[in-house]
Protein chains: 2
Amino acid sequence: MTDHLLTPAEMADAVGVSIDTLRYYERENLISDVGRAANGHRRYDAGDLAWIRVLRCLRDTGMTIDQLRHYCELGEQGDATKPERLTMLRDHRAKVEARKAELDRAIELIDHKIDIYLHEDDEGATS
Amino acid sequence: MTDHLLTPAEMADAVGVSIDTLRYYERENLISDVGRAANGHRRYDAGDLAWIRVLRCLRDTGMTIDQLRHYCELGEQGDATKPERLTMLRDHRAKVEARKAELDRAIELIDHKIDIYLHEDDEGATS
DNA sequence: CAACAACCTGGAGTGCACTCCAGGTCAAGC
DNA sequence: GCTTGACCTGGAGTGCACTCCAGGTTGTTG
């Protein structure tokens, strides 16, 4: 790991969220032990960057703030909680897969609807 | 199409939403011309059922109420708007595909994280 | 040294999509 | 004839995840 530290603006840019969101996550205990510069400004390290990327990945795929907080709490409780964290990840992975399957079914229905538009000659029933 | 009419409770059950949600959609002009029984209670027909299924499919995949309202307005304006409605469906389809790709990338990251848990012997950097 | 940019804090506000509620109607069953 | 259940209306409330704001500090820049 390099020892390059990121400012809030740089981190926001790197992970694609606002600075406010970063602070919000910290308030919600999803990010801990963020370093500070002499003037009190936050300085994020490479570990923070990696974690926030994972955090965003989990959020983007529907894990709630509450669940993420729980995951973080487990992390803070040490190695004994690894199995539970692993279970959370696996469960979440399964949910994401299930979601993909839902999207596939939706695409089929949308395609069907598109086909109807394409082959419709009359019949005004659309609503 | 059969002429069997559904009560609000039956419709809610058939499409997997609450009766309140059904009424909400109607207020937002996403469902129009719902029939009524003599006592003023709603009676949904087969066309309503088909449309509400499509509506739910689009909502479930991220189309907003505003966009759906626009789609409905187009429908009410007649055949001249068919190309625009088709474009909306195709654009939305593309978004759903894009979302699927995002989920795939997320799954890769989750798998990577799971691997780290599995191959971790020491190294306490987690949070 | 004044202005400006980047950040700080605690707390209030926002947008979306529902979800719930009070008060009322109507038809069927005991 | 009274209760029960399903439904009606307009409007208020909820939960989530941010997002914004006021008021303040610090450090650089012309």
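As a reminder, the structure under discussion sits directly above these lines.
Nothing here was measured: the structure is a model prediction, and the numbers come from that model. (Residues numbered from 1 in each chain as written. Chains lettered and ligands numbered in written order. Predicted model: local features only at pLDDT ≥ 70, side-chain atom pairs only at ≥ 80, totals over all residues. Heavy atoms only, no water.)

## As for the protein's contact with DNA strand D
Near DNA strand D, the surroundings consist of 20 residues, among which D20(A), R59(A), R23(B), H41(B) and R42(B) are the closest. The protein-proximal atoms of DNA strand D, defined as those within 4 Å of the protein, are 75% sugar or phosphate. Contacts to DNA strand D include R27(A), whose side-chain N or O atom sits 3.4 Å from a base oxygen. Within the side chain of T7(B), a nitrogen or oxygen atom sits 3.4 Å from a phosphate oxygen of DNA strand D. The element contributing the most residues to the surface near DNA strand D is helix α2 (residues 19-27) of chain A, with 5 residues. Looking at the surface near DNA strand D residue by residue, the classes come out as 6 nonpolar, 6 polar and 8 charged. (Near = heavy atom within 4 Å. Polar contact = N/O pair within 3.5 Å; in protein donor to acceptor, adjacent residues only side chain to side chain. Helix = DSSP H or I, 4+ residues; strand = E, 2+ residues; numbered from the N terminus. Nonpolar A, V, L, I, M, F, W, Y, C, P; charged D, E, K, R; others polar.)

## Regarding the relation of the copies chain B and chain A
Between the two copies, chain B and chain A, the superposition gives an RMSD of 0.0 Å; the rotation angle is 180° and the shift along the axis is 0.0 Å. Taken together, the rotation and translation describe the operation of a two-fold axis. Identified as the residue of chain B closest to the rotation axis by C-alpha distance is K100(B), at 3.0 Å. Residue by residue, 100% of the interface of chain B is reproduced at the interface of chain A, so both copies engage with the same surface. (Least-squares fit on C-alpha atoms with pLDDT ≥ 70 in both. Contact = heavy atoms within 4.5 Å.)

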